[in-house]
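Notes for the structure review
Listed below, chain by chain, are the residues.
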Amino acid sequence: MPKENSVIQIYATATQDNAASIDVPDDGLLLSSSLIVEGVLNADTEEVLASLEFGATPARNTNDSRTVLNVAHAKIGLLTSGAATNIAQSTVLYGDGIKVFGGERLYLHTEAVGGTLQSARALLVFNFASFVARRR
């Protein structure tokens, strides 16, 4: 029987480092991730961003980081005030996959600079060594 892929979501509405996290349920491969961030940006240079990382401390602004898996970033430039809901999405395919281990933690970090974060979500596609039960 062929192995099945599993999709796990991480979701957050808080603006903070380590806004949400998951423990990988079994050994396997992380095949891809989609990261979506939504925020209200109503002044010049406001921004919201989210990053998916192996590290509990965000490293998205660190050169030569080995923990960052994906980043989505929305920023607005206005000459006058206004209000706009902005959404940014980033999808990364990891080729043959990144090996992950049962119990390893993945973190969703978020940040807002002047703007208001409404939500951030990561959709992760895994192929596990054994079937991992899920609710439908």
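As the structure is a computational prediction, the values presented were derived from the model and not from experiment.

Rules used throughout
- By convention here, each chain's residues receive numbers from 1 onward along its written sequence.
- Totals for whole chains, interfaces and linings use all residues, but because this is a predicted model, local features are given only for residues with pLDDT of at least 70 and pairs of side-chain atoms are given and counted only at 80 or more.
- For the side-chain quantities, the full set of heavy atoms in the structure was used; hydrogens and water were omitted.
- If DSSP finds at least two bridges between two strands, the strands pair.
- The helix count covers DSSP runs of H or I at least four residues long, the strand count covers runs of E at least two residues long, and both are numbered beginning at the N terminus.
- Lines fitted to the C-alpha atoms define the axes, with helices restricted to the stretch that makes contact. Angles between their N-to-C directions range from 0 to 180 degrees.
- For the purposes of this section, nonpolar cores are sets of buried Ala, Val, Leu, Ile, Met, Phe, Trp, Tyr and Cys residues that join through side-chain atoms within 4.5 Å.
- Note on classification: 1.4 Å probe, protein chains only; a residue is buried when its accessible area is under 20% of the maximum for its type, exposed when over 50%, partly exposed between these limits.
- Only heavy atoms enter the contact rule, under which two residues are in contact if any of them lie within 4.5 Å.
- For Phe, Tyr and Trp, rings pair up if their centres lie within 6.5 Å, where Trp contributes its six-membered ring, and each pair is then called stacked (planes under 30 degrees apart), edge-to-face (over 60) or tilted (otherwise).
- Any carboxyl oxygen of Asp or Glu within 4 Å of a side-chain nitrogen of Lys or Arg constitutes a salt bridge here.

**Some points on the sheet that holds strand β4 (residues 47–53)**
- Within the open sheet, the 4 strands sit side by side as β2-β7-β4-β5. Their pairing is antiparallel. Only two strands of the sheet have a single neighbouring strand rather than two, namely β2 (20–23) and β5 (68–75). Strand after strand, the sheet turns through a mean of 10° between neighbouring axes, direction not considered.

**Focus: the nonpolar core**
- The biggest cluster of nonpolar side chains holds 29 residues, and the ones touching the most others in it are I10, V37, L106, L108, L124 and F126.
- At the level of secondary structure, the elements contributing two or more residues to this core comprise β1 (5–12), β2, β3 (28–41), β4, β5, β6 (84–100), β7 (105–113) and β8 (116–128).
- Looking at which element gives the most residues to this core, the answer is β8, with 6 residues.
- For L106, the contacting residues outside a window of four places in its chain are I10, A20, S21, I22, V24, L52, E53, F54, L69, L124 and F126.

**A few points about the pairing of β8**
- One ladder, built from 8 bridges, connects β1 with β8; its direction is antiparallel. Across the sheet, V7 pairs through a bridge with V125, a residue of β8.

**Some points on the packing of aromatic side chains**
- Throughout the structure, instances matching the rule amount to 1 aromatic pair.
- Between F126 and F128, the aromatic rings sit 5.0 Å apart at their centres with planes inclined by 15°, giving stacked as the arrangement. Across the pair, exposure class does not vary: F126 and F128 are buried alike.

**Re the pattern of salt bridges**
- Taken as a whole and judged by the stated rule, the model has 3 salt bridges.
- Across the pair D23 and R105 runs a salt bridge whose closest N-O atoms are separated by 2.7 Å. Highlighted residues: D23 in strand β2 and R105 in strand β7, separated in sequence by 82 residues.
- Owing to a relative accessible area of 40%, D23 belongs among the partly exposed residues under this scheme.

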